[in-house]
Amino acid sequence: MAYASAMIRWSVLLPVLACLALGLMAGLGAAEIARRQARGELAVSAEADARIRQALLESEVARYRLLPLALADDRDVIAAERAGAGSGAPIDTLNEKLERLARATGAAAIYVVDRDSLAIAASNWRQADSFVGSDYAFRRYVRDAQRKGAGQQFALGTVSHKPGLFLAQRTRSGGVVVVKLEFDWIEAQWRQAGGITYVTNRSGVIFVTSRPDWRFAATRALDEAQRSETVRDSGALSIHPSPWSRRKDGLLSVPGTREGYLQVETARDADGWQLHLALPASASIDGQARLVGFAVGIAMLALALFALWFVLRSRRRRLRTSELEAAVVARTAELRDEMEQRSELESRAAQLREELRLANRLATLGQVTASVAHETAQPVAAIRNYAAAGRKLLERGLNADVDGNLAAIDALAERIGVVTSELRGFARKRTSAGTRTVLAEALDGARLLLRDRLSDVTLRAPVGLSGITVVGDKVRIEQILVNLLQNALDALAGRAAPCIEIAVRVEGERAVITVCDNGPGIAPQIAERLFTPFTTSRDEGLGLGLVIAQDIATEFGGSLRVVPGEEIGLGRGARDLQAEGRNGACFELVLRISK
């Protein structure tokens, strides 16, 4: 008893533990997906922010880059260079001008050096540590400007010891105008915007940064030559190691904080500067991931527990059902004989159904055989007529007409082969939906086949149909038209003034062909079953012609119908016959126009 009770407890406890594990895995998976999605969204936002900060930096540098270019051709600069250092009025005028420009533009310093690299005027000429009289031959930006016309260099000031970008431009006299740009304002704007922003040179050394303690730190490993060149060029005391390290999750770890930072970079500019933006990411990303993971885990756990409850409930129901089934089995022994009899009857019914299927297949085979006989009977009769007419023409010596009859007989013989081939294809459910036929050619073919018989009636046929091309095979469309004309000719046998009207009209993407006669019409009891196999009002007819014609029209995406009595006046041909007081049968064939 205790063993059974323990088994029951385990049978319930294990599924519950499985549900908890499923909820945990679902929560962890959802948290990871949410973490990746949040990180991607933050990266997109950070890239846009980095581009904005880069634009701010580029606009600031571009604004100051124009200043030395304009001063290089300034007349006061040219006059001071000609006068030389300590020459009095020209130098004083230039000093005051540079002082005003520095105050107006916010430049850290503006000064002019002569062709010997000595400073002859400066915006800080009033200060004790003025640049005037200093030798700047050691500065690369001065040498580049004297040699190339322009130069720039990021370095510490020799007097102020503050970092900045020196922009130099050669003057007409061979001197150099220098503007120093400090980035204190931009770095303050970056700090206010949040995150950590810094700019590196081609070697990966940080020059401009919202964290001043990161300046002149290398973001990647440098060899000794690169390190010495950077120290010599920038005036820094040393190059610091990287201020951050990369964690396993790809985020940056910054000393002094447990927060992980997501870093993005912009493309390098022409001077090799590249802006980097590091935004705190781990707190927001992990918080969102935990929230999503918790919600999905709880939802999955609730769903799993509900499914477990449903399964246990179904199991108890099945137990009760088994008990009831056992009682029913005991009471149904007397029904076994009846069930055996029913089984025998079902076997017999299955045998009868199979025999009916066999009979249906045989009937289908008979219909196809009758179709071949029906569709070849018309050309054979036409061949007989042409042969008889040819014999008479031969007796009269009309050899040219005989040759025409022989050509027609040859065409009809070829048509018999084509018709039988088409009927074999039709039996194989072959589609001809992709073929196209000029409607006028199909009408001419049908009239040619029945030329002798049509000579005894008045035939009204349309002209100028060469521009109408319909979807369908020419021979099979001729089959439809020949069948309709043959039925009309049979109906007109013995009638006075027999007449057949063929009309064609275009309705949108359809061509509508009507074939009407002034015969006795179709009896109502026949009209109801007209398109049923073996339905005919003629003793010699098989009752399959219209059935086959309708199947062909349907296969080509069209239709064939007999026009009811109340609609006979709608067609042009039928309207003409109606005006003459001669209502007969009227059939409407619809075919799709080929584009």
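See the structure above.
As a starting point, this report considers the structure included with it. (Residues numbered from 1 in each chain as written. Predicted model: local features only at pLDDT ≥ 70, side-chain atom pairs only at ≥ 80, totals over all residues. Heavy atoms only, no water.)

1. Some points on the packing of helix α10 (residues 439-449) against helix α12 (residues 474-491)
Each pair of packed helices can be summarised by the angle the axes make with each other and by the distance between the axes. Running from N to C, α10 and α12 point in directions that differ by 50°, and their axes come no closer than 8 Å. The orientation of α10 with respect to α12, classified from their angle, is oblique. Between α10 and α12 the crossing geometry is right-handed. Mapping the contact onto sequence places Glu441, Ala442, Leu443, Gly445, Ala446 and Leu449 in α10 and Lys474, Ile477, Glu478, Leu481, Val482 and Leu485 in α12. The residue makeup of the contact of α10 with α12, split by class, is 8 nonpolar, 1 polar and 3 charged. (Axes fitted to C-alpha atoms, helices over the stretch in contact; angles between N-to-C directions. Helix = DSSP H or I, 4+ residues; strand = E, 2+ residues; numbered from the N terminus. Parallel < 35°, antiparallel > 145°, perpendicular 65-115°, else oblique. Left-handed = near helix turned anticlockwise from the far one by under 90°. Contact = heavy atoms within 4.5 Å. Nonpolar A, V, L, I, M, F, W, Y, C, P; charged D, E, K, R; others polar.)

2. Topic: a positive patch on the surface
A cluster of basic side chains, namely Arg313, Arg316, Arg317 and Arg320, defines a positive patch on the protein surface. Following the sequence through the fold, arginine 316 ends up in helix α7 (residues 282-331). (Patch = residues over 30% accessible without salt bridge, like charges linked within 9 Å, V, L, I, M, F, W, Y side chains within 5 Å. Areas by Shrake-Rupley, 256 points an atom, 1.4 Å probe, with all protein chains shown as cover. Salt bridge = Lys/Arg side-chain N within 4 Å of Asp/Glu carboxyl O. Lys, Arg positive; Asp, Glu negative; His and termini not counted. Charge placed at Lys NZ, Arg CZ, Asp CG, Glu CD.)

3. Some details on the pairing of strand β5 (residues 176-181)
Consecutive side chains of a regular strand alternate in pointing toward one face of the sheet and then the other. The element β5 is largely enclosed, with a buried count of 6 among its 6 residues. In this sheet, β5 lies alongside strand β1 (residues 109-113) in antiparallel orientation, the contact comprising 5 bridges. Note on β5: the bridge partner recorded for alanine 109 is lysine 180. Hairpin geometry of strand β4 (residues 163-170) and β5 is characterised by an intervening segment of 5 residues between the two adjacent antiparallel strands and by a positive phi of about 95° at glycine 174. (Buried < 20%, exposed > 50% of the residue type's maximum accessible area, 1.4 Å probe, protein only. Pairing = 2+ DSSP bridges.)

4. Regarding the packing of helix α2 (residues 75-83) against helix α3 (residues 89-105)
Their axes nearest at 8 Å, the elements α2 and α3 cross at an angle of 140°. Between α2 and α3, the angle falls in the class oblique. Between α2 and α3 lies a crossing of left-handed hand. Listed contacts from α3 to Asp76, Val77, Ala79, Ala80 and Ala83 of α2 are Pro90, Ile91, Thr93, Leu94 and Lys97. For the contact of α2 with α3, the class distribution of residues is 7 nonpolar, 1 polar and 2 charged.

5. So, the sheet that holds strand β6 (residues 196-200)
What the 6 strands build is an open sheet, ordered β7-β6-β11-β10-β9-β8; its pairing is antiparallel. Edge positions in the open sheet fall to β7 (206-209) and β8 (245-246), since each of these has one partner strand only. Summarising the sheet, strand β9 (residues 252-253) and strand β10 (residues 260-265) pair through 2 bridges and their orientation is antiparallel. Opposite leucine 252, over in β10, you have tyrosine 261 as the bridge partner. This element, helix α5 (residues 184-193), spans β6, β7 and β11 (274-280) of the sheet and lies at about 65° to β7.

6. So, the sheet that holds β1
Reading across from one edge, β2-β1-β5-β4-β3 is the order of the 5 strands in this open sheet, with antiparallel pairing throughout. Of all the strands in the sheet, just β2 (119-122) and β3 (150-156) have a single pairing partner and so form its edges. Across the sheet, the mean angle separating the axes of adjacent strands is 20° when strand polarity is ignored. Lying on the sheet, helix α4 (residues 140-148) is in contact with β1, β3, β4 and β5; it crosses β3 at an angle near 180°.

7. Describing the state of the cysteines
The tally for this structure, following the rule as stated, stands at 1 disulfide. Cysteine 499 forms no disulfide, and the closest cysteine sulfur to it belongs to cysteine 516, at a distance of 9.9 Å. (Disulfide = S-S within 2.5 Å.)

8. Considering empty space enclosed by the protein
This structure, assessed with the given rule, holds 4 cavities of 30 Å³ or more. Reported here for the largest cavity is a volume of approximately 60 Å³. In this structure, the largest cavity is lined by Tyr111, Phe131, Tyr136, Arg139, Gly157, Thr158, Val159, Ser160, Phe166 and Lys180. Among the residues making up the lining of the largest cavity, the classes are represented as 5 nonpolar, 3 polar and 2 charged. (1 Å grid on protein atoms, 1.4 Å probe; cavity = no way out; pocket = protein on both sides within 12 Å on 5 of 7 lines; lining within 4 Å. Points joined across faces, edges and corners; volume = space filled by probe spheres on them.)

9. A look at the pairing of strand β16 (residues 510-517)
For β16, the buried fraction is high: 7 of the 8 residues fall into the buried class. For strand β15 (residues 499-507) and β16, the ladder comprises 8 bridges, and the chain directions are antiparallel. Within the sheet, the bridge partner assigned to glutamate 501 lies in β16 and is cysteine 516. Between β15 and β16, which pair antiparallel and follow one another directly, the connecting turn spans 2 residues, one of which, glycine 508, has a positive phi of 65°.

10. A short note on the environment of glutamine 153
Along the polypeptide, glutamine 153 turns up in strand β3. When the C-alpha atoms of glutamine 153 and leucine 167 are compared, they prove to be 7.0 Å apart, with 14 residues separating the residues in sequence. Once residues lying within four places of it in the same chain are set aside, the contact partners of glutamine 153 are Arg139, Arg140, Tyr141, Gly164, Leu165, Phe166 and Asp233. Separated by 3.2 Å, the side chain of glutamine 153 and the backbone nitrogen of tyrosine 141 make a polar contact. (Polar contact = N/O pair within 3.5 Å; in protein donor to acceptor, adjacent residues only side chain to side chain.)

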